[in-house]
Amino acid sequence: MAHLVFDPDEQNALRADAREHAITDPGVAYVLERLAAEGVDLEQCADWEDLRLQAGLPARDASAA
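Residues numbered from 1 in each chain as written. Predicted model: local features only at pLDDT ≥ 70, side-chain atom pairs only at ≥ 80, totals over all residues. Heavy atoms only, no water.

So, on to the overall build of the protein chain. For the protein chain, the helix and strand inventory stands at three helices and two strands. Overall, the protein chain shows an N-to-C arrangement of helices and strands of β-α-α-β-α. Against the 2.2 N^0.38 benchmark of 11 Å for 65 residues, the protein chain shows a C-alpha radius of gyration of 16 Å, more extended than a compact globule. The proportion of buried residues among the 65 residues of the protein chain is 11%. Across the protein chain, contacts joining residues at least 24 apart in sequence account for 45% of those joining residues at least 6 apart. Carbon and sulfur atoms form 57% of the exposed surface of the protein chain, whose accessible area is close to 5,200 Å². Computed over 5 positive and 14 negative side-chain charges, the inter-centroid distance for the protein chain is 5 Å. (Helix = DSSP H or I, 4+ residues; strand = E, 2+ residues; numbered from the N terminus. Rg over C-alpha atoms; globule rule 2.2 N^0.38 Å. Buried < 20%, exposed > 50% of the residue type's maximum accessible area, 1.4 Å probe, protein only. Contact = heavy atoms within 4.5 Å. Areas by Shrake-Rupley, 256 points an atom, 1.4 Å probe, with all protein chains shown as cover. Lys, Arg positive; Asp, Glu negative; His and termini not counted. Charge placed at Lys NZ, Arg CZ, Asp CG, Glu CD.)

Residues that lie three or four places apart on an α-helix share one face, since the helix turns once every 3.6 residues. Its 13 residues give helix α2 (residues 26-38) an end-to-end C-alpha distance of 18 Å, which sits within 8% of 18 Å, the value for a rise of 1.5 Å per residue. Among all positions of α2, only Ala29, Leu32 and Ala36 are buried. Taken down its axis, α2 places every buried residue within 70 degrees of arc, on the same side. Of the residues one or two after α2, Gly39 is the one with positive phi, at around 75 degrees. (Expected span 1.5 Å × (residues − 1). Arc of directions from axis to C-beta.)

Written out as structure tokens, the structure is:
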């Protein structure tokens, strides 16, 4: 299982950003704090195109960019 973790300086920066957003955007603050604490489980990540197809949206072609 691939797992991305942040070094202590990066964790501190994420937590500082979380405190900055705590009042105005608590959802962002929560995500930043979880990233700092837990990192990212890359096995749980989904490709953007896979998410589009799961939502029933058509695949993007080069002209749509």
